[in-house]
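Descriptive analysis of the structure
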Amino acid sequence: MSSYYYVQDPNSETGFTPIPEDEYMQAAFRVAKNKGVNVTDKMIIEELNQKNQKKRNI
């Protein structure tokens, strides 16, 4: 079973559209690449480490 992201969609009856997590992530990477940012695994790990470090400091 897959997780979903619910994005705001004014054309939807509920105001949101569910998007499977894997499709959402693929689209996010495509947008980044089209904007000139090549997101790497190293960048993601560093970002997660920074986030976790901030949580530990709180």
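Each remark here, short or long, concerns the structure printed above.
Residues numbered from 1 in each chain as written. Predicted model: local features only at pLDDT ≥ 70, side-chain atom pairs only at ≥ 80, totals over all residues. Heavy atoms only, no water.

The next point concerns the overall build of the protein. Helix and strand content of the protein: two helices and two strands. Reading the protein from its N end, one meets helices and strands in the order β-β-α-α. Against the globule reference of 10 Å for 58 residues, the protein gives a C-alpha radius of gyration of 15 Å, more extended than a compact globule. Oriented by its inertia axes, the alpha-carbon framework of the protein measures out at about 40 × 30 × 25 Å. Here the protein holds 58 residues, and 2% of them are scored as buried. Expressed as a percentage of contacts within the protein between residues at least 6 apart in sequence, the contacts between residues at least 24 apart total 0%. Carbon and sulfur atoms make up 53% of the accessible area of the protein, which totals about 5,600 Å². In the protein, the 8 positive side-chain charges and the 8 negative ones have mean positions that sit 11 Å from each other. (Helix = DSSP H or I, 4+ residues; strand = E, 2+ residues; numbered from the N terminus. Rg over C-alpha atoms; globule rule 2.2 N^0.38 Å. Buried < 20%, exposed > 50% of the residue type's maximum accessible area, 1.4 Å probe, protein only. Contact = heavy atoms within 4.5 Å. Areas by Shrake-Rupley, 256 points an atom, 1.4 Å probe, with all protein chains shown as cover. Lys, Arg positive; Asp, Glu negative; His and termini not counted. Charge placed at Lys NZ, Arg CZ, Asp CG, Glu CD.)

A cluster of nonpolar side chains, namely Y5, Y24, M25, F29, I44 and L48, defines an oily patch on the protein surface of about 480 Å² accessible area. Contributing elements (two or more residues each) for the nonpolar patch: α1 (21–34) and α2 (41–57). No other element matches α1, which puts three residues into the nonpolar patch. With respect to the helices and strands, the residue M25 is situated in helix α1. (Patch = residues over 30% accessible without salt bridge, like charges linked within 9 Å, V, L, I, M, F, W, Y side chains within 5 Å. Salt bridge = Lys/Arg side-chain N within 4 Å of Asp/Glu carboxyl O.)

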